[in-house]
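# Residue-level structure breakdown
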Amino acid sequence: MSAPQEFDQIGKPLPRREDRRFLTGTGRYLDDIAHPGALHVCFVRSPHAHARILEIDAAAARALPGVVGVFTGRDLVQWTTPLRLAPPIEGLHPVEMTALPLDRVRFHGDLVAVVVARDRYLAEDAAELVEVSYEALDCVAGAAAALVPGAPRVDETLPDNLVSHQSFAAGDVEARRAEAHRVIECRFGLHRHTHAPLETRGCLADWDPGRAHLTMHIGTQAPHPMRGQIAARLNLSESQVTVISPDIGGAFGQKIALYREELVVAALSRHLGRAVRWREDRLENLTAASHARETQCITRAAVRADGRILGLELDLVEDFGAYCFYPANYMARVVAMILTGPYKIADYAFDVQVVLTNKCGNGPMRAPMAITSWVMDGTLDAIARDLALDPLEVRRLNALGPGDLPYTMPTGEVLEDVTPLQTLEAAAAAIDVPAFRARQADARAGGRLLGLGLCTVVESTTYGSKFYKAAGIPGSGHEAAWVRIEPDGAVNASVGLMGSGQGYETPLAQAVAEGLGVSAETVTLHMGHTDVAPYGMGSRGGRGATAGGGTLYLCAQKAREKVLAIVAHMLNLNASEGLRLHDARIERQLDGVWRDTGLKLADVARRAYLDPTALPEGVTPGLDVALSYDPPAMTYSNATHACEVEIDRATGRIGITRYLVAEDCGTVLNPLVVRGQQQGAVAMGLSGALLEEVVYDETGQNISATLADYLIATACELPSIDILPMHTPNRHTPAGIKGMAEGGVMGAIGVIASAVNDALALEGIRIDQMPLSPQRIRAALRAGDDAPRAASGGAQGAYSPLSTTPTTHATTTHATPAKDAIRDIDGRAASDAIDERTSQ
C-alpha cells in the first residue's frame, strides 16, 4: 500500500465547532423557528392493524372553536399525486401509496385523517372527537404468516405479500457441497428496531400565494432529494420549493424520505394559504415513523475439515412492514451483496425474500446491512464449534490477507486497500486470547460463565452511481460542492449534505482548508438550504467523509489553482509551479525552501473581484468555484471488534467487561470526531443487540410504543470502548478517505453474539435470535438445566473454549447438513426451526 499522505489541516483533533451552540442551548432546531399565526395539525390514527374504513364522522371536531378543518384521504388525493415505486428490477413488484389512506388502514398507527387548528392543544382535542367506523380485517403479524399461501394481502394490488424476491449464484455451490467435509447450517434472527432520535420528526410548511412558492422547514438528511419529492408530489417545479433544514437532533436514517405526514402538511399549507406546522410526539415516533431490520437468515457453509469455507448459501427473509418508502429489495440486497465481506469465498448463492406485513414500514437505519457481520462471523463460530476447532484459527484461515488483494467478491464488488487480517491479528493480540482462556477456565471451575467474542467487519461506506446502476436502483451517488473566497479573503463553502449530529462542520471545513491552503478555523460551511447549497445526494450510507469531504477537498484544490494562477501573474511568473498557498499566505519555493512572498489570500481576492482588468488572460473575475464528484462504485473500511462478557446465571444479565475495536477507516479528517462516531456506533449496536426491540402481538398491536417498553441503553449499561487506529489510505478517493460511521453497529451486533455464545458453549446452548435480553438468556439456561448437554458435530467432540489448543479432529467422512441437538432459544433444534419455515 502507498505511504500515507502528509497533511496540514486534515487529521487535526479540532473541537466540533457546532458543539458550542448545542451545549449552550443556542442551537436552532425546528421548534426554535417562530412563525406567528402558523396553524397546527394532529393526525387521527388507526387503532387496528388491518381494517376497512367505513365512515369518518368529523362533525364534532369541525364544530370546535378554533378548528380550521378536518381532512381525509379523499381530500388529499385531489391535491397530491401518489408515490409510485417501480424500479425495473426483476422480482420486485411496483407499489403505490396515497398521502392518506382512502379506504383501508394497514398497521396500528396508520393515518386516517388530519385535524388543522389554531394551536396544537386544540388540534389534539379535536382529533379525539373524530369518530371512525372500521371493519376489522385479519392481519399478517409476521414474515412467516405473510408467506403462508392464502394469507391476507397487506397490499391488495399485489398477488401476495412477497413484494420482492431475488436470487443469485456465483461459482458452483452444489459442487462445493458435494466435495465438502461437512455442510454446516446456521440460523440468525435480527429483531425489529426503530431509530428513536432525540428529536422526533416535524416540519413547518409556508406557502407564499403571491410567489406561488413553498418554503419547507424540515430536519432532513437529504435536502435536495427532499425538495424533489415534495415538488413531484404537489405537481410543482423544483424552483417553486425551497427546503431549509435547521439543526437536527438525530436521524440515523429516519429523516431521508418524504413521509406522508410531511407531505400532508405541505399540501395543507398550499391549500389553506397559511403556514402549517407539525411535531410528532414520542408515541407516534415509536409507532408510526419508520422501523428497521427484522431479518431472518439461514446460512449453509460447505467446509473442509480444517474449517476453510468452500461455498456459502444464504436464505434471507425481511419483514418490510406495510408501506414501501424505498424499493423493498434495497436493504436486503445490500446485505446479500456484501455478506462475504472480509473472507475468501468464491462460490456463493443467495435467495432474498422481502415480505409485507401489517406493521409500520421499514427504512434504512444506521447500518442497514447490520446483520452481515453477525451472520458471517456467527457462521465461522458454528464451523469452529461443529468441527472442534479454535474459532480464532478458523477466522485466520478464511480471512483476506495482503496477498489476496485486490479481491473480487462473488457478487462482483472489489475489495482493495482493506486490512481484515491485520485488524483481526491486532484485536486478538490486544484482547490477549490465551490469557482470557486461562481466566475463563478458572471462572468455569467456580461456576461462572465468561465468553470472548470476535467479529471482523467490512463496511460499505459510499455508494457511487455505478453501484445504483448495477443494482437497478434509480438515483445517483455523486456529491456537489462550491468554495467561494470573498474579497476580504474569507472562505465560504457548501456541500449537498446535511448533518444530524455527526459533527460535519469541523471535519468538512478541514477538508476545504487542506485543499485550499488555509486554516480550518477560517472556513465557514453552509449546509441544509437548497437555495444555497449545490444539488447533492445528502447524508446517508456513511458517505459524509468520502463523498462530502472528498468533493469539498477537490473543489478547494480547484479554487487554489485559480488563486495561484492569479498569483503567478502578480509576481510576473510564467507558471504557478513553485508556488503554494499555506495558512492563507502565498509562499514560493527557492533553493528547496518555501519563502513568504508577502502576498496574502486577501490580496489575491481583492485583485480577483475589484481589479478584473489586471487578471491574466482567460481568468474570469471572482474566486467562486463549483465541482461535482462521483465516488467509486463502492468504498470500504474495515475493523475487528473484540469483547469479553460475563453472564449472570441467576438473572441472565450480560456484563461486558472489556471492549475494543481495531479499525482501518482510511485518512481521518478529524480523529476526535471519528472516535465519537466509532464509539457512538458501537453503543448503538450494543443497545440494539441487548435491549431495543419493537414488539407486535398476534393481532398486530405495537406493545412497545413507549420508552418504558422500548429500552435504549444509557452510559450506565455500556462499556468503555478502546479504539486501536490502524488506518491506511484508499488509493482511489480524494485524500485517501474511506469513511466510517456504520461499521461499529455491525461489529457490535456480531461480537456480542459471539461472546455470549462462547460463554454458553459448554452449556450446549447457541443463541440465534436477538435481542440478547436477560429473559432470553435465562430461559435458555433453564432449558439447558432441564435437558442433556448437546453434542457438537460428530463423535469426536467439541473444541473447548477453555483450552488454548483445539481438540484433534480426524474425521474425513463427508456429512450432510448438520442436524445436531444444539438448541435455539425456543428449545427447538435449529434444524427443526428451518424445517418448520420451509414447510410454510
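As shown above, the structure is provided for reference.
These lines cover the structure that appears in this document, whether it is placed above or below. (Residues numbered from 1 in each chain as written. Predicted model: local features only at pLDDT ≥ 70, side-chain atom pairs only at ≥ 80, totals over all residues. Heavy atoms only, no water.)

### Some words on the sheet that holds strand E28 (residues 634–647)
Taken in spatial order, the four strands make up an open sheet running E20-E28-E29-E30, and their pairing is mixed. In this open sheet, the two strands that pair with only one neighbour each are strand E20 (449–463) and strand E30 (722–725). Averaged over neighbouring strand pairs, the angle between their axes works out to 20 degrees when direction is ignored. Sheet analysis places E20 next to E28, joined by 14 bridges and oriented antiparallel. Considered in E28, the bridge of Glu 459 is made with Ser 637. Where helix H13 (residues 420–431) meets the sheet, it contacts E20, E28, strand E29 (654–664) and E30, and its direction lies at approximately 20 degrees from that of E28. (Pairing = 2+ DSSP bridges. Helix = DSSP H or I, 4+ residues; strand = E, 2+ residues; numbered from the N terminus. Axes fitted to C-alpha atoms, helices over the stretch in contact; angles between N-to-C directions. Contact = heavy atoms within 4.5 Å.)

### Considering the nonpolar core
By size, the foremost hydrophobic cluster in this structure holds 125 residues, and its most contacted members are Tyr 659 and Ile 752. Residue contacts for Ile 752: discarding those within four places in its chain leaves Cys 643, Val 645, Ile 654, Ile 656, Leu 686, Ala 689, Leu 690, Met 770 and Leu 772. One finds Leu 14, Val 567, Leu 599 and Leu 627 within the second-largest nonpolar core, a separate group that totals 43 residues. (Core = buried A, V, L, I, M, F, W, Y, C linked by side-chain atoms within 4.5 Å. Buried < 20%, exposed > 50% of the residue type's maximum accessible area, 1.4 Å probe, protein only.)

### Some details on the packing of aromatic side chains
Enumeration according to the criterion identifies nine aromatic pairs in this entry. Over the ring of Tyr 323 we find Arg 260, and its NZ or CZ is 4.3 Å from the ring centre. One cation-aromatic arrangement involves Arg 766 over Phe 188; the distance from NZ or CZ to the ring centre is 5.0 Å. (Phe/Tyr/Trp six-rings, centres within 6.5 Å; stacked < 30°, edge-to-face > 60°. Lys NZ or Arg CZ within 6 Å of the ring centre and 35° of its normal.)

### Section: the side chain of Glu 284
Along the chain, Glu 284 turns up in helix H9 (residues 282–288). Residue classification places Glu 284 among the buried residues on the basis of a relative accessible area of 11%. Sequence-distant contacts of Glu 284, defined by excluding residues within four places in its chain, comprise Phe 43, Arg 45, Trp 278, Arg 279 and Ala 289.

### A word on the side chain of Ser 539
Mapped onto the fold, Ser 539 is located in the loop between strand E23 (523–526) and helix H17 (544–570). According to the relative accessible area criterion, Ser 539 is buried, its value standing at 1%. Here the side chain of Ser 539 touches Met 498 through a polar contact of 2.9 Å, landing on its backbone oxygen. Apart from the residues within four sequence positions on either side, Ser 539 is in contact with Gln 221, Ile 256, Leu 497, Met 498, Gly 499, Gln 502 and Tyr 504. (Polar contact = N/O pair within 3.5 Å; in protein donor to acceptor, adjacent residues only side chain to side chain.)

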